[in-house]
Amino acid sequence: MSLSRREFLRVLAAAAAAGLPLDARLQAKDEAFYDSPRFGNVSLLHFTDCHAQLLPVCFREPSVNLGVGESRNLPPHRVGEALLKYYAIKPGSREAHAFTYLDFARAAQTYGKMGGFAHLATLVRKLRAERGASLLLDGGDTWQGSATSLWTRGQDMIEAQKLLGVDITTGHWEFTYGAARVKEVVDKDFAGRIEFLAQNVETSDFGDPVFKAYTIRSLGGIPVAVIGQAFPYTPIAHPRRFVAGWKFGIEERRLQSTVDEARGKGAQVVALLSHNGMDVDLKLARRVAGIDVILGGHTHDGVPAPVVVSHASGKTLVTNAGSNGKFLAVLDLEVRSGRIAGHRYRLLPVFANLLPADREMAGLIDAQRAPYAEKLSEKLAVTDALLYRRGNFNGSFDQLILDSLMEAKDAEIAFSPGFRWGASLLPGEAITFEQVMNQTAITYPDTVVTQMTGAAIKSILEDVCDNLFHPDPYYRQGGDMVRVGGMSYGCTPGAKIGTRIGDMRLRGRPIEADKLYKVASWAPVAERASNENAGEPMWEVLSRYLRDKKIVKPRKLDLPRLVGVSGNLGIE
């Protein structure tokens, strides 16, 4: 299927006539929103971190995304008004809604939901039809984040990837289905269709490569190399048992060798399809020569324009394409005399009410969801509050999880992982079982209750905080700060390790280092906790809590008192 602009607008008109929820105020400028005239002779289309969201969603961008050290006040660490000003985006516009948290509930009502693979498919096919030579790259975190993906072990998303026409992908949460499952998909489902690349994964015993490191594709006669970079801290961020025989890392030297090898085989463009996180990619771009562009993921940063990193061997464009299916990046390159002579980049927000659903993809989605429709649609409660997750420290959906843990387990304190995925809900929306699974659908969902000393609690907070705010990006192992319920604390992001957390209090009283406290948590990474002290899955705890409450009222978030963040444009 290919769509000219005239055909595209005709489909929009037909959809409106059929009563589909197109924006009632659609104007000429909206009709032209996806006009993207061809530029250059090579095009790379990129999406990442969709987290198994086949349907359109609301997803609130962070109001806190602090940068420290060299990252302070630089992309991606600008939020809200500071982001709009930096990229000259008009406040109140569609783009402002897509890229920021500002006035989120009202703007979401105005502009509608975003993403959805049926709408993404329409946009992909339109753009590819307009371009003579292109690749569609999926940056990973595709098979995890929904009930249907968990229950089918990623198969619903695998089928969607194939139908969408993905050419190349890499991984992160995919590995939490286990090494055997990933290899099964790569060797069978993807064989001859989708290349799974990861230059930084090797066997633990002999150091043999597990996956193909790179591929060279001819686009209009121009050799383009794509190198895969899986999430380098997979065995640390998740239970080691999933990939017990594999070793992960950034592997900077091996990456340089891979780049050199690809160049030696004639590659005129070298792209790194990365799941490092944007701060890691920015450092990598300065240290590995010969990479023209890094198409990044993991940190869910929707960055409207590439960061141009200049170094001794030239320049590298570093991008990050957001999450949850909200965006499709379009990088057009003009390649002349064996080098990039020019580029044009757009990070296109995928507005479901501006893009008619692709019929074939919509049919696939319906078929994949049909066996689970009744269970997914169970209404558990209604929310009077905006429920969201994304942000460095806490979100209202996280707070809901924390509160349910403390009540169900009669705990004084609760911890919930700093996951970035999970769709948002607007005030007045029903909270269904599907929405609960969108926040909790992982392969290690067990709840755990432990007795912890105040000193142990501080140690955990310090460790996670260092993963987020270490001055060297290579030591940032992913995720936002662990969410903490029931207790308060102070946090100084710019301090040294071991000194960032202080003034910990429970119900206003200082937490004592030697005193034991009852702590509830979920998603245990440690093998001992998983095997010996595991309880019911988190989705059961949260579902029971919601059935009992019926109405979710706005609630005060347990947020740390931040110190030393004055003038930081990553918080408003």
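Our structure is the block above this text.
In this text, all values refer to a predicted model and were calculated from it rather than measured experimentally.

Right, let's talk about the sheet that holds strand 3 (residues 168–169) for a bit. Read across the open sheet, the six strands follow the order 4-3-2-1-13-14; overall the sheet is mixed. Each having just a single partner strand, strand 4 (195–196) and strand 14 (339–349) make up the two edges of the open sheet. Pairing of strand 1 (residues 42–47) with strand 13 (residues 327–336), which is carried by five bridges, proceeds in the antiparallel orientation. Among the inter-strand pairings, H46 is bridged to a residue of strand 13, identified as A329.

Let's shift gears to the packing of helix 6 (residues 117–130) against helix 13 (residues 359–369). The N-to-C vectors of helix 6 and helix 13 enclose an angle of 155 degrees; their axes lie 8 Å apart at closest approach. Judged by the inter-axis angle, helix 6 sits roughly antiparallel to helix 13. For the pair helix 6 and helix 13, the crossing hand works out as right-handed. Seen from helix 6, the contacting residues are F117, A118, A121 and R125; seen from helix 13, they are E360, M361, A362 and I365. Taken together, the residues of the contact of helix 6 with helix 13 sort by class into six nonpolar, no polar and two charged.

Attention now goes to the side chain of D189. Position of D189 relative to the elements: it lies in helix 9 (residues 179–189). Within the structure, D189 has its side chain in polar contact with the side chain of Q155 (distance 2.9 Å). Residues in contact with D189, not counting those within four places in the same chain, are Q155, I158, E159, K162 and E184.

Attention now goes to the packing of aromatic side chains. Per the stated rule, a full pass over the model turns up 23 aromatic pairs. Pairing F175 with F248 gives two aromatic rings, centres 5.1 Å apart and planes at 80 degrees, and the pair type is edge-to-face. With F175 in the loop between strand 3 and helix 9 and F248 in strand 8 (residues 246–248), the pair connects residues that are 73 residues apart, well separated along the chain. There is no split in this pair, since F175 and F248 are both buried. Among the aromatic residues, those joined into a cluster by ring pairs are W173, F242, F419, W421, Y444 and W522. The ring of Y388 carries the charged tip of R60 above its face, separated from the ring centre by 3.8 Å. Positioned above the aromatic ring of F242, the side-chain terminus of R241 is 4.8 Å from the ring centre.

This next bit is on the sheet that holds strand 25 (residues 561–562). Paired through their backbone hydrogen bonds, the strands of a sheet run either parallel or antiparallel. The strand order across the open sheet built from four strands is 22-21-20-25, with neighbouring strands paired in mixed fashion. Edge positions in the sheet fall to strand 22 (509–510) and strand 25, since each has one partner strand and no second. The pairing of strand 21 (residues 501–506) with strand 22 spans two bridges and is antiparallel. Its bridge partner lying in strand 22, L506 is registered against R509. Across the face of the sheet, helix 17 (residues 454–469) comes into contact with strand 20 (487–491) and strand 21 while running at roughly 135 degrees to strand 21.

Next up on the list: the layout of surface pockets. Its volume calculated, the largest pocket comes out at about 1200 Å³. Surrounding the largest pocket, 44 residues form its lining, P417, V464, A523, P524 and V525 being those nearest its centre. A per-element tally of the lining of the largest pocket places helix 17 first, with five residues. In terms of residue class, the lining of the largest pocket is built from 22 nonpolar, 16 polar and six charged.

What follows concerns empty space enclosed by the protein. This structure, assessed with the given rule, holds four cavities of 30 Å³ or more. As a volume, the largest cavity reaches approximately 240 Å³. As for the largest cavity, its lining consists of 24 residues, of which D279, T299, R420, L468 and R476 are closest to the centre. Listing elements by their share of the lining of the largest cavity, those giving two or more residues are helix 12 (278–287) and helix 17. Looking at the lining of the largest cavity residue by residue, the class counts come to seven nonpolar, 11 polar and six charged. As a volume, the second largest cavity reaches approximately 160 Å³. Looking at the second largest cavity, it is lined by 17 residues, and the ones nearest its centre are N65, P76, R78, L83 and G302. For the lining of the second largest cavity, the element with the most residues is helix 3 (residues 80–87), which contributes three residues. Grouping the amino acids of the lining of the second largest cavity by side-chain chemistry returns nine nonpolar, four polar and four charged.

Of all five residues in strand 20, four are buried; the element is thus mostly enclosed. One ladder, built from four bridges, connects strand 20 with strand 21; its direction is antiparallel. In the strand pairing of strand 21, G490 is matched with G502. As paired strands, strand 20 and strand 25 are joined by two bridges and run parallel to one another. Looking at strand 25, one finds that G490 is bridged to R561.

What follows is about the pattern of salt bridges. Pairing between side chains becomes possible if they bear opposite charge and their charged atoms approach one another. The final tally for this structure, using the stated rule, is 40 salt bridges. Here K212 ties to E195 by a salt bridge, and the two come within 2.6 Å at their closest N and O atoms. Of this pair, K212 sits in the loop between strand 5 (201–203) and strand 6 (214–219) while E195 sits in strand 4, placing them 17 residues apart in sequence. A salt bridge links E536 to R544; the nearest nitrogen and oxygen atoms lie 2.8 Å apart. Assessed through its relative accessible area of 41%, R544 is described here as partly exposed.

Reading the values: rules and limits
- Residues numbered from 1 in each chain as written.
- Predicted model: local features only at pLDDT ≥ 70, side-chain atom pairs only at ≥ 80, totals over all residues.
- Heavy atoms only, no water.
- Pairing = 2+ DSSP bridges.
- Helix = DSSP H or I, 4+ residues; strand = E, 2+ residues; numbered from the N terminus.
- Axes fitted to C-alpha atoms, helices over the stretch in contact; angles between N-to-C directions.
- Parallel < 35°, antiparallel > 145°, perpendicular 65-115°, else oblique.
- Left-handed = near helix turned anticlockwise from the far one by under 90°.
- Contact = heavy atoms within 4.5 Å.
- Nonpolar A, V, L, I, M, F, W, Y, C, P; charged D, E, K, R; others polar.
- Polar contact = N/O pair within 3.5 Å; in protein donor to acceptor, adjacent residues only side chain to side chain.
- Phe/Tyr/Trp six-rings, centres within 6.5 Å; stacked < 30°, edge-to-face > 60°.
- Buried < 20%, exposed > 50% of the residue type's maximum accessible area, 1.4 Å probe, protein only.
- Lys NZ or Arg CZ within 6 Å of the ring centre and 35° of its normal.
- 1 Å grid on protein atoms, 1.4 Å probe; cavity = no way out; pocket = protein on both sides within 12 Å on 5 of 7 lines; lining within 4 Å.
- Points joined across faces, edges and corners; volume = space filled by probe spheres on them.
- Salt bridge = Lys/Arg side-chain N within 4 Å of Asp/Glu carboxyl O.

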